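Observations on the three-dimensional arrangement
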Amino acid sequence: MSKPIIIRGGRLIDPRNRVDAVRDVRLEDGKVAAVSEKPLPLDGAEEIQAHGLWVTPGFIDLHAHLREPGEEGKETILTGTRAAVAGGFTAVAAMPNTRPVNDSALVTRLVRQRAAEADLARVYPVGAISKGLLGEEMAELAALRDAGCVAVTDDGRPVMSASLMRRVLVYSAPLGLPVMVHEEDLTLSAGGALTEGPRATRLGLLPIPRSAEVVMVARDLVLLEEVGGRLHVAHLSCAASVALVREAKRRGLRVTARPPRTTSPSPTRPWRAGTPTPR
Ligand SMILES: [Zn+2]
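Here's a quick rundown of the structure. Treat the numbers as computed from the prediction; the structure is a model and nothing was measured. (Residues numbered from 1 in each chain as written. Predicted model: local features only at pLDDT ≥ 70, side-chain atom pairs only at ≥ 80, totals over all residues. Heavy atoms only, no water.)

Here the focus is the coordination of the zinc ion. On the protein side, the zinc ion has H63 (NE2), H65 (NE2), D155 (OD) and D155 (OD) as donor atoms, found 2.1 to 2.7 Å from it. Every donor counted, the four donor atoms about the zinc ion form angles of 49 to 122 degrees at the centre, which fits irregular coordination. The sequence motif formed by the donor residues of the zinc ion is H-x1-H-x89-D. Linking H63 in strand β6 (residues 59–64) with D155 in the loop between β9 (151–153) and α4 (162–175), this pair joins segments that are 92 residues apart in sequence. On the accessibility criterion, H63 (22% relative accessible area) is partly exposed. (Donors = N, O, S within 2.8 Å, 3.2 Å for Na, K, Ca; no water. Tetrahedral: all angles 85-135°; square planar, octahedral: opposite > 155°, others 65-115°. Helix = DSSP H or I, 4+ residues; strand = E, 2+ residues; numbered from the N terminus. Buried < 20%, exposed > 50% of the residue type's maximum accessible area, 1.4 Å probe, protein only.)

And the structure:
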């Protein structure tokens, strides 16, 4: 049994319990044992002074590149999870675009093994949608799930084939695997560097029409409605895509998306970064 810990006087931000205030927190065996407005007695615990600091539940990074296996010069599971916990992230979802690609149980098991050795943040492997991320042949989703993958994605690569995308939704649904997608019609974006508009013109860079993203979001929502499954749209960047996702959610489709930076806080959000610390 490890020594209890008291985190003293930090700004506790706990959205689930709607707390945003200065509190003392007592931890026992890695679990929260007490939260108090008044100073907690030390009672043999180790003390961490957190005045002026935020105290939050562990963050979860849905989209991390740990690069192992294959590109250890950039990052390893050890260095990546070390960085994660240093920044307050206690869980990371590891993208499959490693070398070899995480499109097999063998690679998934290796990632989990390395994560267990590092023993820092929890690592949730995300498997590939298609073998080798080539967008041609579906990876063995059941084997990936059984080995410990929590979702599938081809990460930065769109699934250009509608029939493959449809099949992936069909197979992933009973396995409970969300499908994370990068929405970009490559025939529309080909050669482009940034979204069509004055900035692209000013910089003299080839533009990408918004439709490159929006038509793919629309396509996948149609497929989702037809065959079921769970869709998560990563890298969402156009207002028209947000409107489509919002409308699909309203109709009860199981779709989520990473919100663009400019959305205003939703009314259900219990706190906002930048609000003054309550005393
Ligand atoms: Zn990525």
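Attention now moves to the packing of aromatic side chains. Taken as a whole, this structure holds one aromatic pair when the rule is applied. An angle of 50 degrees between the planes, with centres 5.3 Å apart, marks the rings of F59 and F89 as tilted. You can see F59 sitting in strand β6 and its partner F89 sitting in strand β7 (residues 89–94), a full 30 residues away along the chain. A relative accessible area of 36% means that F59 is categorised as partly exposed. (Phe/Tyr/Trp six-rings, centres within 6.5 Å; stacked < 30°, edge-to-face > 60°.)

Attention shifts here to the packing of α4 against helix α7 (residues 211–227). Axis separation between α4 and α7 bottoms out at 10 Å; the angle between their running directions is 40 degrees. The angle between α4 and α7 falls in the class oblique. Between α4 and α7 the crossing geometry is right-handed. Contacts from A162, M165, R166, L169 and V170 of α4 reach α7 at R219, D220, L223, L224, E226 and V227. Looking at the contact of α4 with α7 residue by residue, the classes come out as seven nonpolar, no polar and four charged. (Axes fitted to C-alpha atoms, helices over the stretch in contact; angles between N-to-C directions. Parallel < 35°, antiparallel > 145°, perpendicular 65-115°, else oblique. Left-handed = near helix turned anticlockwise from the far one by under 90°. Contact = heavy atoms within 4.5 Å. Nonpolar A, V, L, I, M, F, W, Y, C, P; charged D, E, K, R; others polar.)

This next bit is on the pattern of salt bridges. Inspection of every chain in the model, using the stated rule, returns 16 salt bridges. With a shortest N-O distance of 2.6 Å, R8 and D24 are connected by a salt bridge. Here R8, found in strand β1 (residues 5–14), pairs with D24, found in strand β2 (residues 19–28); they are 16 residues apart in sequence, far enough to count as distant. The pair R8 / D24 is uniform in exposure class, with both members buried. The shortest N-O distance in the salt bridge between R145 and D146 comes to 3.1 Å. For R145, a relative accessible area of 33% corresponds to the partly exposed category. Here the residues in one salt-bridge network are R8, D24 and E47, joined through shared partners. (Salt bridge = Lys/Arg side-chain N within 4 Å of Asp/Glu carboxyl O.)

Moving on, we come to the side chain of T76. Counting through the fold element by element, T76 comes out in the loop between β6 and α1 (77–86). Classification of T76 by relative accessible area gives buried; the value is 18%. In contact with T76, not counting residues within four places along its chain, are L66 and E68.

Bringing the packing of α7 against helix α8 (residues 239–250) into the picture now. Following both chains from N to C, one finds α7 and α8 inclined at 15 degrees, their axes separated by 9 Å at the closest point. In this view, α7 runs roughly parallel relative to α8, as classed from their interaxial angle. At the point where α7 passes α8, the crossing takes the right-handed sense. Contact with α7, carried on its side by E213, V214, V217, A218 and L221, involves A240, S241, L244, V245 and A248 of α8 and no other residues of that element. Counted by class, the contact of α7 with α8 contains eight nonpolar, one polar and one charged residues.

What follows concerns the nonpolar core. As a rule of thumb, soluble globular proteins bury nonpolar side chains together. Counting residues in hydrophobic clusters, the biggest one holds 28 residues, and the most contacted among them are L141, M165, V179, L231, V233 and V255. With residues near it in sequence (within four places) discarded, L141 still touches A128, I129, V152, V168, Y171, S172, L175 and L177. With eleven residues, the next largest nonpolar core counts L66, V92, A94 and V107 among its residues. (Core = buried A, V, L, I, M, F, W, Y, C linked by side-chain atoms within 4.5 Å.)

Relative to the helices and strands, E47 is located in strand β4 (residues 46–49). E47 gets classed as partly exposed once you look at its relative accessible area, which sits at 35%. Residues E47 and L206 lie 159 residues apart in sequence; the distance between their C-alpha atoms is 56 Å. Discounting chain neighbours no more than four positions away, the residues touching E47 are I6, R8 and L42. Within the local environment of E47, its side chain forms a polar contact with the side chain of R8, the two groups lying 2.6 Å apart. (Polar contact = N/O pair within 3.5 Å; in protein donor to acceptor, adjacent residues only side chain to side chain.)

Considering the arrangement of structural elements, one finds I208 in strand β12 (residues 207–208). In sequence terms I208 and G191 are 17 residues apart; their C-alpha atoms lie 8.1 Å from each other. Not counting the four nearest positions on each side in its chain, I208 is found in contact with S189, G192, A193, L194, T195 and E196.

Taken by themselves, the reported measurements are silent on function.
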